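# Coordinate analysis (summary)
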Amino acid sequence: MSEDRDDAQPAGTARPPRPGATRTALAALSGLIAGFCALAVAELAAALVRPEAGPVTAVGGAVIDRTPPAVRDFAVRNFGTADKLALRLGILVLLALFAMAIGVLALRHRRLGSAAVLVFGLVGAVAAAGRPEGVPADALPSVVGAAVAVAVLYLLAGRLAPAPGAAPAAGERGEGADGGFDRRGFVVAATATAAVSAVAGLLGRRLTSSVQAGASASRHDLVLPAPRSAAPAVPAGAELRIRGLTPFITPDKDFYRVDTALVVPRVDAGAWRLRIHGRGVARPVTVGLHDLLRREIVERDITLACVSNEVGGPLVGNARWLGVRLADLLREAGVRPPSEGGPADQIVARSVDGMTIGTPVGTVMDGRDAMLAFGMNGEPLPFEHGFPVRMVVPGLYGYVSACKWIEDIELTTFTAYDAYWVRRGWAQQAPVKTESRIDTPRPSASPKAGVVPVAGVAWAQHRGISRVEVRVDGGKWHTARLAAAGTRDTWRQWVWEWPAASGRHTLEVRATDGTGATQTGIRTGTVPDGATGWHSVVVDVS
Ligand SMILES: Nc1nc2c(c(=O)[nH]1)N[C@H]1C(S)=C(S)[C@@H](COP(=O)(O)O)O[C@H]1N2
Ligand SMILES: [Mo]
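These lines cover the structure that appears in this document, whether it is placed above or below. (Residues numbered from 1 in each chain as written. Chains lettered and ligands numbered in written order. Predicted model: local features only at pLDDT ≥ 70, side-chain atom pairs only at ≥ 80, totals over all residues. Heavy atoms only, no water.)

This next bit is on the site of ligand 1. Residues in contact with ligand 1 amount to 20 residues; listed here are only the nearest, Y256, D259, H385, R390 and K404. Burial of ligand 1 by the protein amounts to 100% of the accessible area it has alone, namely 540 Å². Taken together, the residues that form the shell around ligand 1 break down as 11 nonpolar, four polar and five charged. (Near = heavy atom within 4 Å. Areas by Shrake-Rupley, 256 points an atom, 1.4 Å probe, with all protein chains shown as cover. Nonpolar A, V, L, I, M, F, W, Y, C, P; charged D, E, K, R; others polar.)

Next up, the structure:
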């Protein structure tokens, strides 16, 4: 394939002239423009197919799916929710570098350059279609984007080729062969393609945001019903009012967020449906939000915790949830728990973004307040926390219970199916472990000698907290004063008045749950079913 090189090469020259600095730089720019064009066109196509099928989101999602738990934990801890932004930026920077390299390659090897663009398109396509919720159509945006980019790159590289007959003025101002190409043609073509790409990109944004506006309006218009069964009143003494202590109820804006969604799903409440089907479901059902709103509404305070929370970590929060009892719906569908001879022992909840979360049927139906929730602290669920409907099950870590943006519940068995995180090394079943955390004083604080309140929260959902103890420098354990209990499904504040002497001291805390079991001091990591150990804080008393 002799035209694999510049096809406009002057007759009689054995090798195409080495491109000079200007042409190389413009070639890199061509690559960037082609890359920009590919993304813009792909995003426009994705807006028509599914926003999550956009190449950057798809590749980011595929990276998340393949991230080992330890790295994911690290990212969540160190970037918080910014881990997603960091990933997106990383992908864009890498793409830009490759795009420039491909542009330079295309200058001398146009077909090779085009092939390289197609390879990138393929990566995007495979990533999109291969996501857990991926469908073949998700490959389209990447393929279309790459095809257009090939054309753009071919066009621009053509403008940079030496004009026929224009003998290279080698050596001229040290620019090698840069004298002989169609500068005007390049500028016009480059500007035009960049402009068209920008328009395509903006149009894609517009389309996506108008779809999202519908979802936002549906959230705005949702009037939460009054609960038939209100949350038990929080006793006045549940809030100790100590500076630096976590409040009993976590406001939505401060509630931790953990999920794999690079784009927060925005589901229109009016179009939302939940299907319940599978083994032992005598009467499969599909319900919309309005069906749920007409059922018996319950309101409960429930503390949710993430299995990735390190000892002393922030991935735990307590909210007032409004929704319906999942067990009631299951009963109506004819589901019986294994203890009554039902054939399914696992509920697999699926979300619109392809997450799968497996929960024991026995736990959901044992009388605890397992909920399909649509309200959080008096508001419709925020989009980040699963609007319009999510699951909440007191006593289980989020990854085995709290499916956000839920759309499907399948009854199956633990033998037959491993959910998303289970396939990635986490335990199939994971009740929350008894935990306690020192909120104040903070690590490396330097309180004055005298009485220093040591305070924090402790949780053992569905078992409750019966005692919290604190010790200093490995000495004897002192019993802390417990705040009034919410319910056994919520965390509990505690405080111990420490007669602090000056010097460096280590504070440690441990809790005992409602069954009388004391939190183990053995330190283990978060994988596979939650961290253990006592939280400790070192302070310098002055
Ligand atoms: N759809 C979906 N639901 C999900 C997740 C997810 O990644 N996707 N993460 C789960 C995990 S690991 C936890 S700890 C909780 C966190 O809920 P929050 O973000 O509302 O705090 O949601 C659970 N539900
Ligand atoms: Mo989690």
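Counting residues in each nonpolar core, the largest one holds 82 residues, and the members touching the most others are W321, L372 and I406. Each residue touching I406, except ones within four places of it in the same chain, is listed here: W272, L274, A349, R350, S351, L372, V389, R390 and M391. The next biggest cluster of nonpolar side chains, apart from the first, holds 23 residues, and it includes I33, A38, V41 and A106. (Core = buried A, V, L, I, M, F, W, Y, C linked by side-chain atoms within 4.5 Å. Buried < 20%, exposed > 50% of the residue type's maximum accessible area, 1.4 Å probe, protein only. Contact = heavy atoms within 4.5 Å.)

Inspection of the entire model under this criterion finds 27 salt bridges. The shortest N-O distance in the salt bridge between D408 and R350 comes to 3.8 Å. Placement of D408 in strand β10 (residues 406–412) and of R350 in strand β5 (residues 346–351) is noted, with a sequence separation of 58 residues between them. Relative accessible area serves as the criterion here: at 25%, R350 is assigned to the partly exposed category. Taking the shortest distance from any N to any O, the salt bridge between D439 and R437 comes out at 2.8 Å. Under the relative-accessibility criterion, D439 is labelled buried at 4%. Here the salt bridges share partners, and the residues they tie into one network are E296, R300, R325, D328 and D369. (Salt bridge = Lys/Arg side-chain N within 4 Å of Asp/Glu carboxyl O. Helix = DSSP H or I, 4+ residues; strand = E, 2+ residues; numbered from the N terminus.)

In this structure, P388 follows F387 across a cis peptide bond, with omega equal to 5°. One can find P388 in the loop between β8 (379–380) and β9 (390–392). The phi angle at R241 is positive, at roughly 55°, despite the residue not being glycine. Residue classification places R241 among the exposed residues on the basis of a relative accessible area of 71%.

For the rest of this paragraph, the subject is the sheet that holds strand β2 (residues 285–288). Pairing in this open sheet of five strands is mixed, and the strands run β2-β1-β10-β5-β6 from one edge to the other. Across the chains shown, the open sheet's two edge strands, defined by having one partner strand only, are β2 and β6 (356–360). Mean inter-strand twist for the sheet, computed between neighbouring axes without regard to direction, equals 20°. Pairing of β5 with β6 involves five bridges; the strand directions are antiparallel. (Pairing = 2+ DSSP bridges. Axes fitted to C-alpha atoms, helices over the stretch in contact; angles between N-to-C directions.)

Purely geometric numbers; function is a separate question.
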